[in-house]
Amino acid sequence: MAVTRRQFMKVSAAGLAASSVGALGFMGAGEGLAAGVRPFRLEKATETRNTCPYCAVGCGVLVYSSADGAKDSKARVVHIEGDSDNPINRGTLCARGAASLGFANSVNRLQYPVHRKPGSDKFERVSWEFAMERIAKLAKEDRDKNFIAKNRDGVTVNRWVSTGFLAGSACSNEAGYLTYKAIRSTGILALENQARI
Amino acid sequence: MVPPGSRQALTSGSDSPAPAFGENILGAAAESERVRLPDLSTVFQIRAARLRALAPGHDLEGFLRLIAALVTAQHQALSGLPPGSMPGASEIGKARLVQRAPLDPAIWSRDESWRVALSRILETIDLEVLPDSARVAREALMQADKASLESLADRFLGGDVAVGEAAQAVFVAAALQVAWTRMAALLDAGDLARETEGGECPACGSPPVSGLVSPGGTKFGHRHLHCSLCATSWRYTRVRCVHCGSTDRISFRNLAGTAYLRAECCEACHGYSKVFYIEKARTLEPLADDLASLGLDVLVGEEGFARVPNPFVLGMMEPPEK
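Worth saying up front: this structure is predicted, and the values here are computed from it rather than measured.

Engineer: Residue-level account of the overall build of chain B, with values.
Structural biologist: Helix and strand counts for chain B stand at 10 helices and eight strands. A total of 322 residues make up chain B; the buried ones form 47% of that total. Sequence separation of 24 or more characterises 63% of the internal contacts of chain B that already satisfy a separation of 6 or more.

Next up, the structure:
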């Protein structure tokens, strides 16, 4: 079996003794090294590329998450920094983007749909199915009532002007295209992007 | 009417002229170099100094001292190496056409200067740090004839060294490093520019030994991979597997309490490579610190990940289970 400088090798204490380290006369060095490193724990973290959620610049961020130290061994975001390989921000972030770790881990963050019933003064937690259905039903009702198929001169216009739509800022071109196609197909004209806020 | 000189300035300016002293570069694109060629006057000296600084008290102290002596001998061999041959413009053009690195050992046949480097390394290396088996390997190489040396070099570069030759291969690797580092230093970085970045050296096509991330913030924070053969470094996207190019399912492992070094592990190909952070430790040297951190390799290997070996730690290590 051959030894190669290009292929994958797993390093181990026994392997080091059989490698050029051992062949040069340091046979026991691998065991010593392994014993010396054994007391150390291996920490694991992930880095994930993402887009900053705040504004329309769309800065690239690297999100560091780790399950170390968490009681339920669920990974948490531990650090967020600018992505140096992103051509837009080249590793930099504005003050808000740099502080987005607090945003990700905020206790005030909305994590599930809530609903305030007509006449009620407080929000109650509801299921996603309920939220989706409620929105769809109200939208349908409003569209049926206010849809304008033809204008005064009898020209087909298919407008739905009583409802507007606000899309997110950190969307890619593709997501923006799909948003436009999906929302315009309903007749909505007041289609806006959070990018401009 | 264009004023004299303006037309020339418009047509033949450099793409990214270096700023003159005091020149304001605000607003200009702050980009670190895509390819950094080795500096012959310092590359081996810095490496040897770093190895000597790392050795005292290290579990691999004897091995690190041996490699430090070897690298010192590399530096001495480099000065006064006989003139060698270099790929010319047509060879570089041809290499680009077939999408290979111009100094790739598979397409560029080496000249004889590497054997001069080898004999100088064997002569000048400090014998006091060599254990008996290393001395035996040295003697064997000094006795070896031209043909067997060339064939050993071919086997090292092609990745087919027999287990019994592991000790000799270290000296051969050192000599080939000297020859290839000199050739790389004489290349033009502009000739190596590629449209797509790869995990292999743009100068010689060899695998990298480790990656260094420069300080972040306003100072780029880019990762440069460092060639295991010719000491060239090139920019490579962070959080991207060096071996398979995947950006999916990358995780990092580090020894608890050390921030300057992490192993970038890819769940897709089960390979990993080391990433050093200059911000955390300023004196890092890619090859020296890779050798000094073999302990991390042992732990990461136990988790099931494999790496491309350092040319000085070539050997029968466990191949990863498929």
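Alright, that's what it looks like, and here's the rest.
Engineer: Outline the interface of chain A and chain B, supporting the account with residue identities and numerical values.
Structural biologist: Of the residues lining the interface, 45 residues belong to chain A; the matching set on chain B comes to 61 residues. In terms of residue count, the dominant contributor to the side of chain A that touches chain B is strand E2 (residues 42–51) of chain A (seven residues). Classifying every residue of the side of chain A that touches chain B by side-chain character gives 21 nonpolar, 13 polar and 11 charged. Where E2(A) and strand E6 (residues 250–255) of chain B come together, five bridges link them in antiparallel fashion. Among the inter-strand pairings, A:Lys44 is bridged to a residue of E6(B), identified as B:Arg253.

Engineer: Explain unusual backbone geometry residue by residue, including any values.
Structural biologist: Of note, B:Gln99 is a non-glycine position whose phi angle comes to about 55°, a positive value. Looking at where B:Gln99 falls in the secondary structure, it is placed in the loop between helix H4 (89–97) and helix H5 (113–124).

Engineer: Describe the sheet that holds strand E9 (residues 188–193) of chain A, and please don't skip the residues or the numbers.
Structural biologist: All names here are of chain A. Here three strands make up an open sheet; going across it, the order is E7-E8-E9 and the pairing mixed. Two strands bound the open sheet, and with one partner strand each, they are strand E7 (148–150) and E9. Going from strand to strand, the sheet's axes swing by 25° on average, the running direction of each strand aside. Its contacts with the sheet place helix H7 (residues 173–184) against strand E8 (156–167) and E9, and it is angled at close to 155° to E9.

Engineer: An account of the pairing of E8(A) is requested, with residue identities and associated values reported.
Structural biologist: Residues and elements named next belong to chain A. In the sheet, E7 pairs with E8 via two bridges, with the strands oriented antiparallel. Within E8, the position partnered with Ile148 by the bridge is Arg159. Counted between consecutive antiparallel strands, the loop separating E7 from E8 contains five residues, among which Gly154 sits at a positive phi close to 85°. Across five bridges, the pairing between E8 and E9 is parallel.

Engineer: Which residues make up the environment of B:Ser228, and what values do they have?
Structural biologist: Structurally, B:Ser228 can be placed in the loop between strand E4 (223–227) and strand E5 (233–236). Residue class for B:Ser228 comes out buried when judged on the 26 C-beta atoms lying within 10 Å of it. Sequence spacing of B:Ser228 and B:Thr72 is 156 residues, and the spatial spacing of their C-alpha atoms is 17 Å. If we skip the residues at most four places from it in the chain, B:Ser228 touches A:Arg5, B:Ser206, B:Pro207, B:Pro208, B:Val209, B:Asn310 and B:Pro311.

Engineer: Which residues make up helix H6 (residues 132–143) of chain B, and what values do they have?
Structural biologist: Residues and elements named next belong to chain B. With 12 residues, H6 should cover 16 Å at 1.5 Å per step; its first-to-last C-alpha distance of 17 Å lies within 8% of that length. Considered for burial, the residues of H6 that qualify are Ala134, Ala137, Arg138 and Leu141. One side of H6 carries all its buried residues, which in axial view fall inside an arc of 100°. Those residues of H6 that are exposed and angled more than 90 degrees off the buried face are Asp132, Glu139 and Gln143. Tucked inside the fold, the buried residues of H6 contact helix H3 (61–78), H5 and helix H8 (166–185).

Engineer: Just give me the short version of the domain arrangement of chain B, but keep the residues and values in it.
Structural biologist: Residue and element names in this part refer to chain B. According to the domain assignment, chain B contains domain 1 (43–185) and domain 2 (192–302). Distance between the C-alpha centres of domain 1 and domain 2: 22 Å. Taken residue by residue, the interface counts 21 residues in domain 1 and 17 residues in domain 2. At the level of secondary structure, the elements contributing two or more residues to the side of domain 1 that touches domain 2 comprise helix H2 (43–54), H3 and H8. For the side of domain 1 that touches domain 2, the residue count by class is 14 nonpolar, three polar and four charged.

Cut-off values and rules
- Residues numbered from 1 in each chain as written.
- Chains lettered and ligands numbered in written order.
- Predicted model: local features only at pLDDT ≥ 70, side-chain atom pairs only at ≥ 80, totals over all residues.
- Helix = DSSP H or I, 4+ residues; strand = E, 2+ residues; numbered from the N terminus.
- Buried ≥ 20, exposed ≤ 12 C-beta atoms within 10 Å, placed from the backbone.
- Contact = placed C-beta atoms within 7 Å.
- Nonpolar A, V, L, I, M, F, W, Y, C, P; charged D, E, K, R; others polar.
- Pairing = 2+ DSSP bridges.
- Axes fitted to C-alpha atoms, helices over the stretch in contact; angles between N-to-C directions.
- Expected span 1.5 Å × (residues − 1).
- Arc of directions from axis to C-beta.
- Domains from an automatic or database assignment.

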